[in-house]
Amino acid sequence: MRAPAIVALSHSHGHELLASAVRTVLAKIRHEITSGLLDSQGLDLALSGLSAAVEGELRRATTHSLRAVINATGVILHTNLGRAPLSQAAIDHIRETATRYSNLEFDLAAGVRGKRDVHVDRLFRQVLSAEKTSTIVVNNNAAAVLLALNTLAEGGEVIVSRGELVEIGGSFRIPDVMAKSGAILREIGTTNRTRIADYEKAITERTRLLLRVHRSNFEISGFTEQAALDELVDLARQRGIPLMEDLGSGALIDLRSLGIERESSVIESLAAGVDIVTYSGDKMLGGPQAGILSGRPDLIARMRSNSLFRALRVDKLTYAALEATLLAYLKGEHNAVPTLRMMRYTKEEIGLREQAVAAKIGNSRIKTELIDGDSLLGGGAAPSSVLPTRLLSLSCEGFSADELAAQLRRSDPPIIVRIDEGRVLLDLRTVFPDQDAAIAYALNRIA
Ligand SMILES: *Cc1c(COP(=O)(O)O)cnc(C)c1O
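Only a predicted model underlies this, so the values are computations on that prediction, with no experimental measurement involved. Within every chain, residues take consecutive numbers counted from 1 along the sequence as written. Whole-chain, interface and lining totals are the exception, using all residues; otherwise, since this is a predicted model, local features are given only for residues with pLDDT of at least 70 and side-chain atom pairs are given and counted only at 80 or more. The side-chain values count all of the structure's non-hydrogen atoms but skip hydrogen atoms and water molecules.

1. Description of unusual backbone geometry
This is how it is decided: Working definition: helices are DSSP H or I runs of at least four residues, strands are E runs of at least two. Numbering for both runs from the N terminus.
The step from D412 to P413 runs through a cis peptide bond, and the omega angle for that step is 0°. If you check the backbone angles, R83 has positive phi at about 50° while not being a glycine. The residue R83 is located in the loop between β2 (75–77) and α5 (88–98) in this model. The backbone of E421 shows a phi angle near 45°, a positive value even though the residue is not glycine.

2. A look at the site of the ligand
Short version of the rule: A single heavy atom is enough: if one lies within 4 Å of a molecule or strand, its residue is considered near that molecule or strand. As used in this structure description, the phrase polar contact means that two N or O atoms lie within 3.5 Å; if the pair is within protein, one of them must be able to donate a hydrogen and the other to accept it, and residues adjacent in sequence are counted only when both atoms belong to side chains. With residues, only the protein chains shown are counted as cover, and all accessible areas are computed by Shrake-Rupley using a 1.4 Å probe.
The environment of the ligand is formed by R83, N140, N141, A142, I168, F172, H214, S216, D246, G248, S280 and K283. R83 is positioned such that a nitrogen or oxygen atom in its side chain is 2.8 Å from an oxygen atom of the ligand. N141 has a polar backbone atom sitting 3.0 Å from an oxygen atom of the ligand. Protein burial of the ligand: of its 380 Å² of free accessible surface, 94% is covered by the chains. Those elements that place two or more of their residues in the shell around the ligand are α7 (141–153) and β11 (243–248).

3. A short note on the environment of L232
Condition: Here, residues are in contact when the closest pair of their heavy atoms is within 4.5 Å.
Relative to the elements of secondary structure, L232 occurs in helix α10 (residues 229–239). Between the C-alpha atoms of L232 and I29, which are 203 residues apart in sequence, the distance is 68 Å. With residues up to four places along the chain from it excluded, the contact list for L232 reads I196, Y199, L210, R212, A227 and L243.

4. Things to note about the packing of aromatic side chains
Test applied: Classification of ring pairs uses Phe, Tyr and Trp, with its six-membered ring standing for Trp, and accepts pairs whose centres are within 6.5 Å; under 30 degrees between planes counts as stacked, over 60 as edge-to-face, and the remaining range as tilted. Burial classification: accessible surface area is computed with a 1.4 Å probe over protein chains only, and a residue below 20% of its type maximum counts as buried, one above 50% as exposed, and the rest as partly exposed. Lysine NZ or arginine CZ positioned within 6 Å of the ring centre and within 35 degrees of the ring normal marks a charge as sitting over the ring.
Within this structure, the stated rule accounts for one aromatic pair. Between F124 and Y279 the ring centres are 6.5 Å apart and the planes differ by 75°, which places this aromatic pair in the edge-to-face class. Of this pair, F124 sits in helix α6 (residues 118–127) while Y279 sits in strand β12 (residues 276–280), placing them 155 residues apart in sequence. One exposure class covers both F124 and Y279, and it is buried. Above the plane of the ring of F223 lies R193, whose end atom (NZ or CZ) is 3.9 Å from the centre. The side chain of R353 reaches across the aromatic face of Y345, ending 5.7 Å from its centre.

5. A closer look at the side chain of S269
With respect to the helices, strands and loops of the structure, S269 is situated in helix α11 (residues 266–272). Overall, the relative accessible area of 1% leaves S269 in the buried class. With near-sequence residues (within four places) excluded, S269 lies in contact with L229, E245, L247, S264, V274 and V277.

6. Thoughts on the nonpolar core
Operational definition: Side-chain atoms within 4.5 Å are what join buried Ala, Val, Leu, Ile, Met, Phe, Trp, Tyr and Cys residues into a set we call a nonpolar core.
Counting residues in hydrophobic clusters, the biggest one holds 81 residues, and the most contacted among them are F124, L252, Y279, L408 and I439. Excluding residues that lie within four positions of it along the chain, L252 makes contacts with V127, L128, V266, I267, Y279, L285, L326 and Y329. In this structure, A144, F172, M303 and F309 belong to the second largest nonpolar core, which totals 31 residues.

7. Here we look at the environment of E154
Counting through the fold element by element, E154 comes out in the loop between α7 and β6 (157–161). Overall, E154 belongs to the exposed group, its relative accessible area being 53%. Along the sequence, E154 and L428 sit 274 residues apart, while their C-alpha atoms lie 47 Å from each other. Every residue in contact with E154, bar those within four places of it in the chain, is listed here: L149, S181, G182 and A183.

8. Here we look at the sheet that holds β2
Our working rule: Strand pairing is assigned whenever DSSP identifies at least 2 bridges connecting the two strands. Under this scheme, a helix contributes an axis fitted over its contacting stretch, all axes are lines through C-alpha atoms, and angles between N-to-C directions fall in the 0 to 180 degree range.
The strand order β2-β14-β15-β18-β17 describes an open sheet built from five strands, whose pairing is mixed. Every other strand in the sheet has two partners, leaving β2 and β17 (418–420) as the edge strands with one partner each. Each strand axis lies, on average, 40° off the axis of its neighbour in the sheet, ignoring direction. Bridge count for β17 against strand β18 (residues 423–426) is three bridges, and the pairing is antiparallel. Paired with D420 across the strands is R423, a residue of β18. In the packing of helix α16 (residues 347–359) onto the sheet, the strands contacted are β14 (366–378), β15 (386–396) and β18, and the crossing angle to β15 comes to about 15°.

9. As for the sheet that holds β11
In spatial order, the strands read β5-β13-β12-β11-β10-β6-β9; together these seven strands make up an open sheet with mixed pairing. If you trace the sheet from one side to the other, it starts and ends with β5 (134–138) and β9 (184–188), each paired once. Across the sheet, the mean angle from the axis of one strand to that of its neighbour is 25°, orientation sign disregarded. Alignment of β11 against β12, held across four bridges, turns out to be parallel. In the strand pairing of β12, G248 is matched with Y279.

10. Quick word on the environment of G286
Here G286 is to be found in the loop between β12 and β13 (291–295). Here the alpha-carbon distance between G286 and L38, two residues 248 residues apart in the chain, equals 53 Å. Every residue in contact with G286, bar those within four places of it in the chain, is listed here: A84, P85, L86, G281, T325, V337 and T339.

11. What about α16?
Going by this rule: What a helix should span is 1.5 Å times the count of its residues minus one. Directions from the helix axis toward the C-beta atoms define the arc.
Relative to the 18 Å expected for 13 residues at 1.5 Å per residue, α16 spans 18 Å between its end C-alpha atoms, a close match to the ideal helical length. Those residues of α16 that fall on the buried side of the exposure criterion are I350, G351, R353, E354, V357 and A358. With its buried residues spanning 165° around the axis, α16 presents them on a single face. Exposed residues lying more than 90 degrees from the buried face of α16 are E348, L352 and A359. Those residues of α16 hidden inside the fold are in contact with β14, β15, β18 and α18 (436–446).

Now the structure itself:
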């Protein structure tokens, strides 16, 4: 601690942090000595490099663990990579409202306590073109499903098709959430086929809810049957039982314009007569992590007064980001929402950028090739919901595909790629254009 080089570091980092770094470095050298990894020459080397090692340890200890990465996988809503990147407008609104006081729960007109959910309820009504719906927001869609089941069906039965008892990543399982909510799962039909008659037969005086769940990350094909949404709506109306749909991804625009056929939007479900729709804020909507419940005002009001809602509520940062994202939809500024922008790039646009990156690689050890492929929507969209893209296929002399991918992950910023059949594949659909140069730079450095 008294060595001049170490004392110098104490000015910038303080005693505690420095002492801890010194202990870590010394412990490592002791371990190397006792396990015979260091001969006397190695020990001399380690001791002469002490201050550099302490400096390195300090750097490791004081950098953020959560950091920005370049997503070159082509999976737009990549759950492991933070799902939807936020729009500039969302960040600006967060900065403006979160670094000062705000009217989060204050009614400016009346000068009295207000409700935090008013900030987005009005916008959802406009974006969903559904005047007669209310919307509340909780921490994520798993929480939204829990809140809805607990409010509408605690102690009663919820009817779900066996083909829809899904598990989403991160151990969200419909039967488990159902059990936690206090509702009783009433499974009907079979894995591949469930008809409207199955729902009808299962309804008793204990039935509180009909639940339809978007299959999200898997598909069933072949000899299959699923009750149509219209049939479910009719049955629910006839029997006076609410119908809830867990849409998961929950697009707010018609994705057919992008060539994606199988993702129904929140607007379609509400228009069809579904009473409650639940969906994520950071999937197809392209906003912050949140779970959104839209639907019949009387049912939403019951959820709002459930004490679980207080426990699952979101903070002002989320409201700010959500409000700004919804305003972009309202103004038709879809390109301002990064995930929607990414969905709209054409294969040709992406190919041109990849050509430009390839042209910047000035080392013959790296071989590049442009091939056709698919970008994935991800985030609980059907696996067959893909967008045609161009891929930059890479190989580097002296490195396997796994080694090259590991080198790219170690770059600053880290670059995450796809590996397919022994090749490293880059899809620039999910790379922000201002990150292209960093990819070329990293490849040249690795080569
Ligand atoms: C993603 C998803 C969820 C979970 O949503 P989170 O926002 O990740 O909590 C629940 N249901 C379905 C159908 C989903 O696709």
